[in-house]
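So the chains spell out like this:
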Amino acid sequence: MGFFNWAAPAFNRLADRWSPESLDQIAGWLRPYVGPDGRLLDVGGGTGALARRLARELRADVVVLDPTPEMLAYVPDEPGVSALLGLAEEIPLEDSSVDAVLVSDAFHHFRDQRGAVREFARVVRPGGGVVVLELDPRPWYMRVIVAVEKLLGEPGAFFTPDGMCAFMAEHGIEGRCEPVKGPAYRFTGTLR
Ligand SMILES: C[S@@+](CC[C@H](N)C(=O)[O-])C[C@H]1O[C@@H](n2cnc3c(N)ncnc32)[C@H](O)[C@@H]1O
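A brief look at the structure comes next. (Residues numbered from 1 in each chain as written. Predicted model: local features only at pLDDT ≥ 70, side-chain atom pairs only at ≥ 80, totals over all residues. Heavy atoms only, no water.)

## A closer look at the site of the ligand
- Near the ligand, the surroundings consist of 19 residues, among which Arg17, Gly44, Asp66, Thr68 and Ser104 are the closest.
- Here an oxygen atom of the ligand sits 2.8 Å away from a polar atom, N or O, in the side chain of arginine 17.
- One of the backbone N or O atoms of glycine 44 is found 2.8 Å from a nitrogen atom in the ligand.
- Here the ligand is seated within the largest pocket. (Near = heavy atom within 4 Å. Polar contact = N/O pair within 3.5 Å; in protein donor to acceptor, adjacent residues only side chain to side chain. 1 Å grid on protein atoms, 1.4 Å probe; cavity = no way out; pocket = protein on both sides within 12 Å on 5 of 7 lines; lining within 4 Å. Sits in = over half its atoms within 2 Å of the grid points.)

And the structure:
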């Protein structure tokens, strides 16, 4: 059994951790791509806590994709939010069927990151967006986090901001990384 299968109840208690200001910020990064009635795919969206708030903020449909049924069980049953069981590496959606992909605190959990980004480039419409919230592994304390993740059986495969930009560009997603807070940064890119 994987980490998120057994940790889902604990994770659900901590999942809604966005202040109104940080939610505004995330919505602002997505708004150029996802208009009202648009469609956002939250990859590795877990319990749907962020998806629910973004659905209201953007007035868009947000699909929470996650391979862990125990996490998806918490996705709220409300208009604009839906749960989809599946992997980032094999997204069960049609080509060019979403306006943007969001990945919050999940990219380093993907076992085949190249396969996942190929899938983002397939499901996002041309001109659509990819927003990734991640942690820069370079500060010393991040080594502890990486080690703990690996002990829990997770890949702990973190990218530096430059590494993330280069990796995305290889798959036709041009963008840039900006620091957010502490080791957190966000990548925002547009699909060519
Ligand atoms: C730390 S949680 C983040 C949940 C949510 N995005 C958030 O920010 O609260 C990481 C999530 O990634 C999911 N995950 C792990 N491997 C994945 C994969 N290959 N494809 C998609 N999601 C994956 C886990 O099931 C888990 O729900």
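Past the structure itself, the notes keep going.
## A closer look at the sheet that holds strand 4 (residues 98-104)
- The seven strands are arranged 3-2-1-4-5-7-6 in an open sheet whose pairing can be described as mixed. Both edges of this open sheet fall to strand 3 (81-85) and strand 6 (173-181), since each of them pairs with a single strand only. For this sheet, the mean inter-axis angle between neighbouring strands, taken without regard to orientation, is 20°.
- Sheet topology places strand 5 (residues 124-135) next to strand 7 (residues 184-191); seven bridges connect them, and they run antiparallel. From the neighbouring strand, leucine 133 faces strand 7, where its bridge partner is arginine 186.
- Running over the sheet, helix 3 (residues 49-58) touches strand 1 (39-43), strand 2 (61-66), strand 3 and strand 4 and is turned about 165° from strand 2.
- Where helix 7 (residues 161-169) meets the sheet, its contacts fall on strand 5, strand 6 and strand 7, and the angle it forms with strand 6 comes to roughly 160°. (Pairing = 2+ DSSP bridges. Helix = DSSP H or I, 4+ residues; strand = E, 2+ residues; numbered from the N terminus. Axes fitted to C-alpha atoms, helices over the stretch in contact; angles between N-to-C directions. Contact = heavy atoms within 4.5 Å.)

## Side note on the pattern of salt bridges
- Counted by the stated rule, this structure contains 13 salt bridges.
- The partner of aspartate 105 in a salt bridge is arginine 17, with the nearest N and O atoms 3.7 Å apart. Of the two residues, aspartate 105 is situated in the loop between strand 4 and helix 5 (113-123) and arginine 17 in the loop between helix 1 (3-14) and helix 2 (20-30); the sequence distance between them amounts to 88 residues.
- Residue aspartate 105 is classed as partly exposed on the basis of its relative accessible area, which comes to 31%.
- One salt bridge in this structure joins arginine 114 and glutamate 170, with 2.7 Å as the shortest N-O distance. Note that arginine 114 is positioned in helix 5 and glutamate 170 in the loop between helix 7 and strand 6, a separation of 56 residues in sequence.
- Taking the relative accessible area as the measure of exposure, arginine 114 reaches 39% and is therefore partly exposed.
- Given a relative accessible area of 51%, glutamate 170 falls into the exposed group. (Salt bridge = Lys/Arg side-chain N within 4 Å of Asp/Glu carboxyl O. Buried < 20%, exposed > 50% of the residue type's maximum accessible area, 1.4 Å probe, protein only.)

## Quick look at helix 6 (residues 140-151)
- For helix 6, spanning twelve residues, the distance from its first C-alpha to its last is 18 Å, which sits close to the expected 16 Å at 1.5 Å a residue.
- Along helix 6, the positions that sit buried rather than exposed are Met142, Val146 and Glu149. Along the long axis of helix 6, the arc covered by the buried residues comes to 65°, so they all point the same way. Exposed positions of helix 6 whose direction lies more than 90 degrees from the buried face are Trp140, Arg143 and Leu151.
- Where helix 6 is buried, its residues contact strand 5.
- Looking one or two residues past helix 6, glycine 153 carries a phi angle of roughly 85°, positive in sign. (Expected span 1.5 Å × (residues − 1). Arc of directions from axis to C-beta.)

## A closer look at a nonpolar patch on the surface
- A cluster of nonpolar side chains, Trp6, Trp140, Tyr141, Val144, Ile145, Val148 and Leu152, forms an exposed patch at the surface whose accessible area comes to about 710 Å².
- Of the residues forming the nonpolar patch, the biggest block, five residues, is contributed by helix 6.
- Structurally, the position occupied by isoleucine 145 is in helix 6. (Patch = residues over 30% accessible without salt bridge, like charges linked within 9 Å, V, L, I, M, F, W, Y side chains within 5 Å. Areas by Shrake-Rupley, 256 points an atom, 1.4 Å probe, with all protein chains shown as cover.)

## With respect to the nonpolar core
- Ranked by size, the top nonpolar core spans 30 residues in total, and within it Leu41, Phe107 and Phe120 carry the most contacts.
- Elements represented by at least two residues in this core include exactly strand 1, strand 2, strand 4, helix 5, strand 5, helix 7, strand 6 and strand 7.
- Those residues in contact with leucine 41 that lie beyond four places of it in its chain are Val63, Leu65, Ile91, Leu93, Val98, Ala100, Val101, Leu102 and Val123.
- Ranked by size, the runner-up nonpolar core spans 26 residues in total, among them Leu30, Leu54, Leu72 and Val131. (Core = buried A, V, L, I, M, F, W, Y, C linked by side-chain atoms within 4.5 Å.)

## Quick notes on the pairing of strand 7
- With respect to burial, strand 7 is a largely interior element, six of its eight residues being buried.
- Counting the residues in the hairpin turn of strand 6 and strand 7 gives two residues, including glycine 182, whose phi is positive at 55°.

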